[in-house]
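Each chain, letter by letter, is given below.
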Amino acid sequence: MARKIPAINAGSMADIAFLLLIFFLVTTTMDVDTGIMRQLPPPPDPNQEIPDIKERNIMNILVSRSDRLLVNKKMGNIRTLKYDVIDFMSIHHDDPAYPEVTLKSIDYIGDVYTTKGIISLKNDRGTSYNMYIQVQNELAAAFKELRDRLSMQKFGRKYNKLINEDYIDAINKAVPVRVSEAEPEDVGGN
Amino acid sequence: MSRFKKQVSKEVPAISTSSLPDIIFMLLFFFMVTTVMRETTLIVKTKLPEATEVQKLEKKSLVSYIYIGPPIQSKIYGTESRIQLNDYFAVVSDIQEFVVLEREARDEADRKFLTTSLKVNGETKMGVVTDVKQELRKASAFKINYSTRRRVVKKE
């Protein structure tokens, strides 16, 4: 005699699913990793000669042990650092107070003046990481602004709105992020 | 004539809940798929600094993490900033080996895209970070990312 199998009560299914749902809701982290991208230079070659760079082409930024800024041997301020860097890296023709400019021919842009300026960043071992990131952030903001300016001028839209890879490459060539970090040493200072 | 008149019940019929499990399952699957489980247990505190010019870190499988910060169990390990690689404390000289191992774990074609993400506590001094960077340079891991949180800029 065939017995009827009773139907399984599915009423508690929702509760079980809820339980699992709440577990995953609690454990999920939705944060995306963000950060400042940087490229490290290869280790220095002992045979390589130190390139001779003119004084006027370098902007020295020094972050002291007590998180204070020294920009070209003068006291600097983190709030104005971005504008100082933009000012320094902009094109100034025949002005000895600013770095030299050269005429460069770049695909898709044509002839454009580029600066020979370099930002030299130096920090003490006692500098706090917070301050270092603030300085890096200001430098990144300054270069972004410079790229935006050229991009607006040449292509009519901001740098991060560019779609064509060739255009992005061209802007990167015209405004390279020239930040040189000095070999570490104890610069001291208070 | 009254034969067409239906017997209308006054009661509102109960809403069927039989599709409720399906809806919940749908949500469940969404969260199951999007969840990323933490691979390492943090043993150092990393309160990241904030910045505005941040970029998203893409391709998480091609990122190796280095954590630097004061130990969570400060009563045992002190408050000096330490380096954490995988699940353990490490010293600066361990980093080159760590980079080699991380590189070996990846597909050969992807190795040159490997990024090292530095998750460093904001209060940490730059000395240890500089040492780590020097080691990374020696190990030819040139692409680095200073992990920061995005600062919300107030609109004026």
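Everything in this summary refers to the structure shown in the same document.

All names here are of chain A. If you trace the five strands from one edge of the open sheet to the other, you get β4-β3-β2-β7-β8, paired in mixed fashion. Because the sheet does not close on itself, it has two edges, and the strands there are β4 (74-76) and β8 (179-181). For this sheet the average axis-to-axis angle between neighbouring strands, irrespective of direction, equals 30°. Inspection of the sheet shows strand β2 (residues 58-63) paired to strand β7 (residues 118-123) by six bridges, in the parallel sense. By the bridge assignment for β7, N60 is matched with S120. The strands touched by helix α3 (residues 129-155) within the sheet are β2, β3 (69-71), β7 and β8, with β7 carrying the most contacts at an inclination of about 170°.

Before going further, it helps to spend a moment on the interface of chain A and chain B. In this assembly, 45 residues from chain A lie in contact with 55 residues from chain B. The junction of chain A with chain B conceals about 4,400 Å² of combined surface from both sides, 61% of it contributed by carbon and sulfur atoms. Three residues, D33(A), L40(A) and Y129(A), lead the burial of chain A against chain B; their summed loss comes to 19% of the area buried on that side. Between chain A and chain B we count three salt bridges in total.

Here the focus is the pattern of salt bridges. Overall, the coordinates contain eight salt bridges over all chains when judged by the stated rule. The partner of R149(A) in a salt bridge is E145(A), and the shortest N-O contact between them spans 3.7 Å. Here the residue R149(A) and the residue E145(A) both occupy positions in helix α3, the gap between them amounting to four residues, near one helical turn. Residue classification places R149(A) among the partly exposed residues on the basis of a relative accessible area of 43%. Taking relative accessible area as the criterion, E145(A) reaches 30% and is therefore assigned partly exposed. E102(B) is paired through a salt bridge with R106(B); the nearest N and O atoms lie 2.8 Å apart.

Calculation criteria
- Residues numbered from 1 in each chain as written.
- Chains lettered and ligands numbered in written order.
- Predicted model: local features only at pLDDT ≥ 70, side-chain atom pairs only at ≥ 80, totals over all residues.
- Heavy atoms only, no water.
- Pairing = 2+ DSSP bridges.
- Helix = DSSP H or I, 4+ residues; strand = E, 2+ residues; numbered from the N terminus.
- Axes fitted to C-alpha atoms, helices over the stretch in contact; angles between N-to-C directions.
- Contact = heavy atoms within 4.5 Å.
- Buried area = accessible area lost by both parts, 1.4 Å probe.
- Salt bridge = Lys/Arg side-chain N within 4 Å of Asp/Glu carboxyl O.
- Buried < 20%, exposed > 50% of the residue type's maximum accessible area, 1.4 Å probe, protein only.

Geometric descriptors of this kind do not, in isolation, establish any biological role.
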